[in-house]
Amino acid sequence: MVKLPVTWDTIDLYVDNILEQIKDKKIDTVLGLARGGMIPATMLAYRLGNNNLQQLGVRTRGVEATQFYGNPVLFGNVLVVDDINDSGRTFIEAAKYLDYHFDRGEINDVIFSACSKRYNTKWSKGIYGSIIENDDWLVYPWE
């Protein structure tokens with residue numbers, strides 16, 4: 001497996017790509033999926049001028065059942081952010097969590113986003129800064 005480092009300049013480009021795709025959408029809450037999604041979520045929140053940045057830890061690797069950490073306060077239109085949509089499992093589990101813990105009176109819409117989306121992910125919905133057309137392993141600057 002090839003490990004490809006991702007530079008901060010590339011992350012800026014990915015965040016700009018996401019912003020361009022949501023420029024006409026009102027975002028009330030930015031939800032970063034910890035750990036990898038927290039830095040791009042923070043960057044997006046700053047650039048959107050959004051002060052409601054929340055976090056939810058989602059652990060899917062190396063555990064029998066998905067583990068969640070945190071207690072986010074969500075309302076309105078929610079932008080869920082991760083660093084990569086690799087297999088899709090994290091977004092699938094996060095969507096289940098949101099459906100279980102929040103009703104449509106609190107959340108109007110949920111938009112999933114990530115810096116990168118793998119070509120063969122099981123979760124294709126969302127907004128992405130880039131599409132990865134191979135199986136290379138991306139190494140983000142915060143790792």
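Up top you'll find the structure we're talking about.
As a starting point, this report considers the structure included with it.

Reading guide: rules and limits
Residues numbered from 1 in each chain as written. Predicted model: local features only at pLDDT ≥ 70, side-chain atom pairs only at ≥ 80, totals over all residues. Heavy atoms only, no water. Helix = DSSP H or I, 4+ residues; strand = E, 2+ residues; numbered from the N terminus. Expected span 1.5 Å × (residues − 1). Buried < 20%, exposed > 50% of the residue type's maximum accessible area, 1.4 Å probe, protein only. Contact = heavy atoms within 4.5 Å. Pairing = 2+ DSSP bridges. Core = buried A, V, L, I, M, F, W, Y, C linked by side-chain atoms within 4.5 Å.

With that out of the way, let us pick up helix α3 (residues 89–101). Between the first and last C-alpha of α3 there are 18 Å, a value that for 13 residues agrees with the 18 Å anticipated at 1.5 Å per step. Along α3, the positions that sit buried rather than exposed are T90, F91, E93, A94, A95, Y97 and L98. Elements in contact with the buried residues of α3: β2 (29–34), β3 (53–59), β4 (67–69), β5 (76–85), β6 (107–118) and β7 (127–132).

Before going further, it helps to spend a moment on the pairing of β3. Across five bridges, β2 lies against β3 in parallel orientation. By the bridge assignment, V30 is partnered in β3 with L53. With three bridges connecting them, β3 and β4 associate as antiparallel partners. Within β4, the position partnered with V58 by the bridge is F68.

Position of E93 relative to the elements: it lies in helix α3. A residue is classified by how much of its surface remains accessible, and E93, at 16% relative accessible area, is buried. Beyond its immediate sequence surroundings of up to four residues, E93 is in contact with V58, T60, T66 and F68.

Ranked by internal contacts, the top residues of the largest apolar core, which has 22 residues, are I11, I22, L44, L79 and Y140. The set of elements that each furnish at least two residues to this core consists of α1 (8–22), α2 (38–48), β5, β6 and β7. The leading source of residues in this core is α1, at six residues. In this view, Y140 contacts V6, I11, D83, I84, C115 and S116; residues no more than four positions away in its chain are not counted. Core analysis: the next-biggest nonpolar cluster, separate from the first, contains 18 residues, V80, A94, Y97 and F112 among them.

In short, shape yes, function no, at least from these values alone.
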